[in-house]
Amino acid sequence: MNPRQITGSELGRFLRARRAEVTPADVGLPSTDHRRVPGLRREEVAQLASISTDYYTRIEQGRLSGASAASLDAIAQALRLSPDQTSYLRQLARKPNIARGRRSAAQRVHAQTQVLLENLTNAPALVLGRHMQVLAWNALAAALYTDFSALPSADRNMLRLTFLDPHIRDLYVDWEDSARECVAFIRMDTAHAPTDPDLQALVGELSVRDKDFSRWWVSHNVAHKTFGTKRFRHPVAGEITLDWQMLTCPHDPQQSIMIMTAPPRSRSHEALRFLASWETEQSHDIQSDRLDTHVQKDQLS
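Within every chain, residues take consecutive numbers counted from 1 along the sequence as written. Only residues with pLDDT of at least 70 are given local features in this predicted model, and only at 80 or more are side-chain atom pairs given and counted; all residues enter the totals for whole chains, interfaces and linings. Just so you know, side-chain values use all the structure's heavy atoms and leave hydrogens and water out.

Peer 1: Got a minute to help me understand the overall build of the protein in this structure?
Peer 2: Summing up its helical and strand segments, the protein has 14 helices and five strands in all. Only the protein chains shown count as cover for residues, and all accessible areas are computed by the Shrake-Rupley method using a 1.4 Å probe. As displayed, the protein offers around 16100 Å² of accessible surface, 51% of which is attributable to carbon and sulfur atoms. A run of H or I in DSSP becomes a helix once it reaches four residues, and a run of E becomes a strand once it reaches two; helices and strands are each numbered from the N terminus.

Peer 1: Sorry, what's going on with the packing of aromatic side chains here?
Peer 2: Geometry of an aromatic ring pair is reported as the spacing of the ring centres plus the angle between the planes. For this analysis, a ring pair means two rings from Phe, Tyr or Trp (six-membered ring only for Trp) whose centres lie within 6.5 Å, classed as stacked if their planes differ by under 30 degrees, edge-to-face if by over 60, and tilted for the remaining angles. Across all of its chains, the model carries eleven aromatic pairs by this definition. In this scheme, the term charge over a ring applies when either NZ of a lysine or CZ of an arginine sits within 6 Å of the ring centre and within 35 degrees of the ring normal. It is Arg 169 that lies over the ring of Trp 175; its NZ or CZ is 4.0 Å from the centre. Directly above the ring of Trp 217 sits Arg 187, whose terminal nitrogen or CZ lies 3.8 Å from the centroid.

Peer 1: I keep staring at the pattern of salt bridges and nothing clicks. Help me out?
Peer 2: A side chain with one charge can pair with a side chain of the opposite charge if their charged atoms come near. Here, a salt bridge means any Lys or Arg side-chain nitrogen found within 4 Å of an Asp or Glu carboxyl oxygen. Under the criterion given, the structure shown has 19 salt bridges. Where Glu 60 meets Arg 16, a salt bridge forms, and the shortest distance between an N and an O atom there is 4.0 Å. Highlighted residues: Glu 60 in helix H3 (residues 53–60) and Arg 16 in helix H1 (residues 3–21), separated in sequence by 44 residues. Partly exposed describes any residue whose relative accessible area lies between the buried limit of under 20% and the exposed limit of over 50%, with all areas from a 1.4 Å probe on protein chains only and scaled to the type maximum. Among the residues examined, Glu 60 registers a relative accessible area of 1% and is labelled buried. Arg 16 gets classed as partly exposed once you look at its relative accessible area, which sits at 38%. Close ionic contact of Glu 205 with Arg 209 constitutes a salt bridge, the shortest N to O distance being 3.0 Å. Here Arg 209 and Glu 205 lie together in helix H12 (residues 197–209), a separation of four residues that amounts to about one turn.

Peer 1: Even after reading the chapter, I still don't get the pairing of strand S5 (residues 252–261), so can you show me in this structure?
Peer 2: On any regular strand, side chains alternate: one points to one face of the sheet, the next to the other face. Among the ten residues in S5, seven count as buried, and that is most of the element. Sheet topology places strand S1 (residues 125–128) next to S5; four bridges connect them, and they run antiparallel. In the sheet register, Leu 126 faces S5, and the bridge partner there is Met 258. Paired strands, as defined in this entry, are two strands with at least two bridges between them according to DSSP. Where strand S4 (residues 238–249) lies against S5, seven bridges are found, and the strand directions are antiparallel.

Peer 1: Would you take a moment to explain the pairing of strand S3 (residues 227–234) for this structure?
Peer 2: The alternating pattern of S3 places Gly 228, Lys 230, Phe 232 and His 234 on a buried face, while none of Phe 227, Thr 229, Arg 231 and Arg 233, on the opposite face, is buried. For S3 and S4, the ladder comprises eight bridges, and the chain directions are antiparallel. Following the sheet pairing, Thr 229 is matched in S4 by Asp 243. From the end of S3 to the start of S4, which pair antiparallel, there are three residues.

Peer 1: Would you explain the confidence of the model for the protein in this entry?
Peer 2: Here the protein shows a mean pLDDT of 86. Residues at 70 or above account for 86%. Predicted confidence in the protein is weakest over helix H14 (residues 267–300), with a mean pLDDT of 71, and strongest over S1, with 98. pLDDT gives the predictor's per-residue confidence on a scale running from 0 to 100.

Peer 1: Where do I start with unusual backbone geometry in this structure?
Peer 2: Glycine aside, a negative phi is what most residues show, and trans is what most peptide bonds show. Even without a glycine there, the phi angle at Met 132 is positive, about 65°. If you trace the backbone, Met 132 turns up in the loop between S1 and strand S2 (134–137).

Peer 1: How should the packing of helix H4 (residues 69–78) against helix H5 (residues 83–94) be read in this particular structure?
Peer 2: How two helices sit against one another is set out by the angle between their axes and by the gap between those axes. Running from N to C, H4 and H5 point in directions that differ by 140°, and their axes come no closer than 10 Å. By the angle class used here, H4 and H5 are oblique. The chirality of how H4 crosses H5 is right-handed. In this structure, H4 contributes Ala 69, Leu 72, Asp 73, Ile 75 and Ala 76 to the contact, and H5 contributes Thr 86, Leu 89, Arg 90, Ala 93 and Arg 94. The classification used treats Ala, Val, Leu, Ile, Met, Phe, Trp, Tyr, Cys and Pro as nonpolar, Asp, Glu, Lys and Arg as charged, and all other residues, Gly among them, as polar. In the contact of H4 with H5, the residues fall into six nonpolar, one polar and three charged. For helices, the axis comes from a line fit to the C-alpha atoms of the stretch in contact; other axes are also lines fit to C-alpha atoms, and the angle between any two N-to-C directions lies between 0 and 180 degrees. Roughly parallel refers to an angle under 35 degrees, roughly antiparallel to one over 145, roughly perpendicular to one between 65 and 115, and oblique to any angle outside these ranges. Take the far helix as the reference: if the near one is turned anticlockwise from it by less than a right angle, the crossing is left-handed, and if turned clockwise, right-handed. Only heavy atoms enter the contact rule, under which two residues are in contact if any of them lie within 4.5 Å.

Peer 1: Even after reading the chapter, I still don't get the environment of Arg 180, so can you show me in this structure?
Peer 2: Structurally, Arg 180 is set in helix H10 (residues 175–187). Residue classification places Arg 180 among the partly exposed positions, given a relative accessible area of 37%. Taking C-alpha positions, Arg 180 is 7.1 Å from Trp 216, a pair spaced 36 residues apart along the chain.

Peer 1: Sorry, what's going on with the side chain of Arg 19 here?
Peer 2: As for its placement among the helices and strands, Arg 19 is situated in helix H1. Exposure remark for Arg 19: the relative accessible area of 9% places this residue in the buried category. A polar contact is formed between the side chain of Arg 19 and the side chain of Glu 60, at a distance of 3.0 Å. Among residues more than four places away in sequence, those in contact with Arg 19 are Pro 38, Gly 39, Leu 40, Arg 41, Arg 42, Val 45, Tyr 56, Glu 60 and Leu 79. Any pair of nitrogen or oxygen atoms within 3.5 Å is treated as a polar contact; in protein, a donor-acceptor pairing is required on top of that, and neighbouring residues in sequence qualify only through side-chain atoms on both sides.

Peer 1: What's the story with the packing of helix H2 (residues 42–49) against H4 in this structure? I'm lost.
Peer 2: Orientation of H2 relative to H4, taken along the N-to-C sense of each, is 115°, at an axis distance of 8 Å. The angle between H2 and H4 falls in the class roughly perpendicular. At the point where H2 passes H4, the crossing takes the right-handed sense. Within the contact between the two elements, H2 uses Val 45, Leu 48 and Ala 49 and H4 uses Ala 74, Ile 75 and Ala 78. Here the residues of the contact of H2 with H4 sort into six nonpolar, no polar and no charged.

Here's what the structure looks like:
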């Protein structure tokens, strides 16, 4: 199967999922009994978009080399797509797959970005790469989430940790909301590189190991959310509510810095300060233990 066919299949699954969510009554069409499929039929979408049924069918089946922008926008309006869903539709329908099954080059964090992370002492911050891979972090992010340095590099992935790490599951007060956001976010990657081996391996593993991920993945919901609020239940600092935002790295547009903050003088802000102090004490204790170990070895030698 060639990349164009793979992209076409993804496009078809996406459009069918969106058709199933819209009823005739939602868009002012007469509803009849004994419908064989949920939601809208292909001919009804075509009617709403003012295009022929054959033209729409060829788009959904990936048999059209390039649909017009006007037709795609009309389909998006007919299916009541969100801006992110519309963007996803355009990419699937018009953008050829570039990856062609080849593994992408490893991403590296620029030295200036690393320095920026280290200087953010009062805000947890992470650098996320392709497929939500954790490329770098500051001390407070490790204190909030987990000791990323203790994990194999392949396991440093926020999507994977969200579903497979029990500690991270317990950390989120609203785990399901956060998990769904992650799935919708990573779904957007399939428009850029549907045959990327790393993405396929990640999705395959999670589909087998977690029934929630498998169910939400096949729903084909997409979203490119770059800011919001997360609530944590931290074992040391207690409940913390943090605002988060994603900033694109200037050295690599496929890397983003996720920074989490709390309003000054709020309870969550004080909890972050406490967590930062606790992390500093922990680091100091570890360094002291290492120093004592070296001294003891020197005395014995």
